[in-house]
Amino acid sequence: AQKVTQAQTEISVVEKEDVTLDCVYETRDTTYYLFWYKQPPSGELVFLIRRNSFDEQNEISGRYSWNFQKSTSSFNFTITASQVVDSAVYFCALSGGLETSGSRLTFGEGTQLTVNP
Amino acid sequence: DTAVSQTPKYLVTQMGNDKSIKCEQNLGHDTMYWYKQDSKKFLKIMFSYNNKELIINETVPNRFSPKSPDKAHLNLHINSLELGDSAVYFCASSTWGAPQHFGDGTRLSIL
């Protein structure tokens, strides 16, 4: 069975602080994909990043960066110099092999990030 | 321009009624999904269709019946609505392994 754990239910920071959202996953698949989605107060789900299990390179996109470590089954997300517009619920998700999971997304419970001015 | 569109955006109805939510994608994807987001924001897969064939059917009451008339459409019909069905329902589409593109959600409220 697949499982994603986001231990931080809520995080509150002041604008311009850096913040890291943790994600730990469990899977028996050898090929899998990890994702982060953002859900702003307006409610839509916005795709941020996909990583496959064979690519452990960290990625940076503007103020966002991701740290994938297979050894600890973690895929953490860091926002540098946070802004009020970053306030949202962030979901980490896992998708396994088509044969075992039908490419479904298994979501973590989400982390509510509040960035205060 | 909308990639995944679902209608209606809001649905308010009485307990016991039957309702449908429609979903269409114009991305040429071969797989479509329905997810349910409960009041605690938890997202869980309900159904998935690949090329009009049902491939995922989670433990969902059989009052929920998906229908895929073609690759671009996946509708969700719900019979005999109950209070516990109140949630936000998201449609999504993808090709395998690719990011899933989500619709804006349908907020279902049962009175």
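Here the residue numbers are simple positions, counted from 1 along each chain's written sequence. Working convention: letters from A go to chains and numbers from 1 go to ligands, in the order in which they are written. For a predicted model such as this one, the threshold for reporting local features is a pLDDT of at least 70, and the threshold for listing and counting side-chain atom pairs is 80 or more; totals across whole chains, interfaces and linings nevertheless cover every residue. With hydrogens and water set aside, each side-chain value is computed from the structure's full complement of heavy atoms.

A. Structural context of the overall build of chain A. A tally of helices and strands in chain A yields one helix and twelve strands. Starting at the N terminus, helices and strands are each numbered in turn, a helix being any DSSP run of H or I of at least four residues and a strand any DSSP run of E of at least two. When the elements of chain A are put in sequence order from the N terminus, they spell out β-β-β-β-β-β-β-β-β-β-α-β-β. The size measure is the radius of gyration over C-alpha atoms, and the globule rule it meets is 2.2 Å times the number of residues to the 0.38 power. Since a compact globule built from 117 residues should have a radius of gyration of about 13 Å, the 14 Å found for chain A is in line with a globular shape. Any residue under 20% of the maximum accessible area for its type is buried, any over 50% is exposed, and the rest in between are partly exposed; the area is computed with a 1.4 Å probe on protein chains only. Scored against the burial criterion, the 117 residues of chain A give a buried share of 50%. For chain A, contacts bridging at least 24 residues in sequence account for 56% of all contacts bridging at least 6. All accessibility values rest on the Shrake-Rupley procedure with a 1.4 Å probe; residue burial counts only the protein chains present in the view. Here chain A displays about 5600 Å² of accessible surface, and carbon together with sulfur accounts for 47% of that area. The charged-residue count follows a simple rule in which Lys and Arg add positive charge and Asp and Glu add negative charge, with His and chain termini not counted at all. We put the charge of a Lys on NZ, of an Arg on CZ, of an Asp on CG and of a Glu on CD. Across chain A, the 9 positively charged side chains and the 14 negatively charged ones have centroids separated by 4 Å. What makes two residues a contact is simply this: any of their non-hydrogen atoms within 4.5 Å.

B. Examining the state of the cysteines more closely. Note on disulfides: each one is a pair of cysteine sulfur atoms within 2.5 Å. Under the counting rule described, the total for this entry stands at two disulfides over all chains. Each disulfide pairs two cysteine sulfurs, and for cysteine 23 of chain A the partner residue is cysteine 92 of chain A, the sulfurs being separated by 1.9 Å. Disulfide cysteine 23 of chain A-cysteine 92 of chain A: torsion about the S-S bond near -65°, hence left-handed. In this pair, cysteine 23 of chain A sits in the loop between strand E3 (19–21) and strand E4 (24–26) while cysteine 92 of chain A sits in strand E10 (residues 88–95), placing the two residues 69 residues apart along the sequence. Each member of the pair, cysteine 23 of chain A as well as cysteine 92 of chain A, is classed as buried. Bridging cysteine 23 of chain B to cysteine 91 of chain B, the disulfide has an S-S length of 1.8 Å. Measuring handedness by torsion sign, the sulfur bridge of cysteine 23 of chain B and cysteine 91 of chain B sits at about -80° and is left-handed.

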